[in-house]
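Here are the chains, one letter per residue:
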Amino acid sequence: MRIEIVLDGTDPPAGRVLSGGAAVSFCGWIDLLAVLSGILETSRGEQGQLGPGAQRELGEDV
């Protein structure tokens, strides 16, 4: 999976996140994190399994 972040401004951060040919706009840190979370969530399989190239979640003891 490849994710590109294109910044149009830095205070607050604003721009577009490009992944899989789609572009999603964001404005602010929380909006950026929501976009990234949505992209990563769609990389999971039907049973919640991570797709190829995805990373496992860290355990609570880490």
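Residues numbered from 1 in each chain as written. Predicted model: local features only at pLDDT ≥ 70, side-chain atom pairs only at ≥ 80, totals over all residues. Heavy atoms only, no water.

> For the overall build of the protein, give the residues involved together with the corresponding values.
Counting its secondary structure elements, the protein contains one helix and three strands. Reading the protein from its N end, one meets helices and strands in the order β-β-β-α. Taking all contacts inside the protein whose residues are at least 6 apart in sequence as the whole, residues at least 24 apart take part in 12%. Looking at the protein as shown, the accessible area adds up to about 5100 Å², and 53% of this sits on carbon and sulfur atoms. (Helix = DSSP H or I, 4+ residues; strand = E, 2+ residues; numbered from the N terminus. Contact = heavy atoms within 4.5 Å. Areas by Shrake-Rupley, 256 points an atom, 1.4 Å probe, with all protein chains shown as cover.)

> Outline the pairing of strand 3 (residues 22-27), supporting the account with residue identities and numerical values.
When strand 2 (residues 13-19) meets strand 3, the two strands line up antiparallel, connected through six bridges. Its bridge partner lying in strand 3, Gly15 is registered against Phe26. Where strand 2 folds back onto strand 3 in an antiparallel hairpin, the turn is made up of two residues, including Gly20, whose phi is positive at roughly 60 degrees. (Pairing = 2+ DSSP bridges.)

> Outline the nonpolar core, supporting the account with residue identities and numerical values.
Ranked by size, the top nonpolar core spans six residues in total: Val17, Phe26, Leu32, Val35, Leu36 and Ile39. For this core, the element with the highest residue contribution is helix 1 (residues 29-42), accounting for four residues. The contacts of Val17, once residues within four sequence positions are left out, are Ile3, Glu4, Ile5, Ala22, Ala23, Val24, Phe26, Leu32, Val35, Leu36 and Ile39. (Core = buried A, V, L, I, M, F, W, Y, C linked by side-chain atoms within 4.5 Å. Buried < 20%, exposed > 50% of the residue type's maximum accessible area, 1.4 Å probe, protein only.)

> Tell me about the sheet that holds strand 2, residues and numbers included.
On the basis of which strands lie adjacent, the open sheet formed by three strands has the order 1-2-3 and antiparallel pairing. Strands at the two margins of the open sheet, each flanked by one partner only, are strand 1 (3-10) and strand 3. Between one strand axis and the next, the sheet turns through 20 degrees on average, direction left out of account. With respect to the sheet, helix 1 is in contact with strand 1, strand 2 and strand 3, its orientation differing from that of strand 3 by roughly 150 degrees. (Axes fitted to C-alpha atoms, helices over the stretch in contact; angles between N-to-C directions.)

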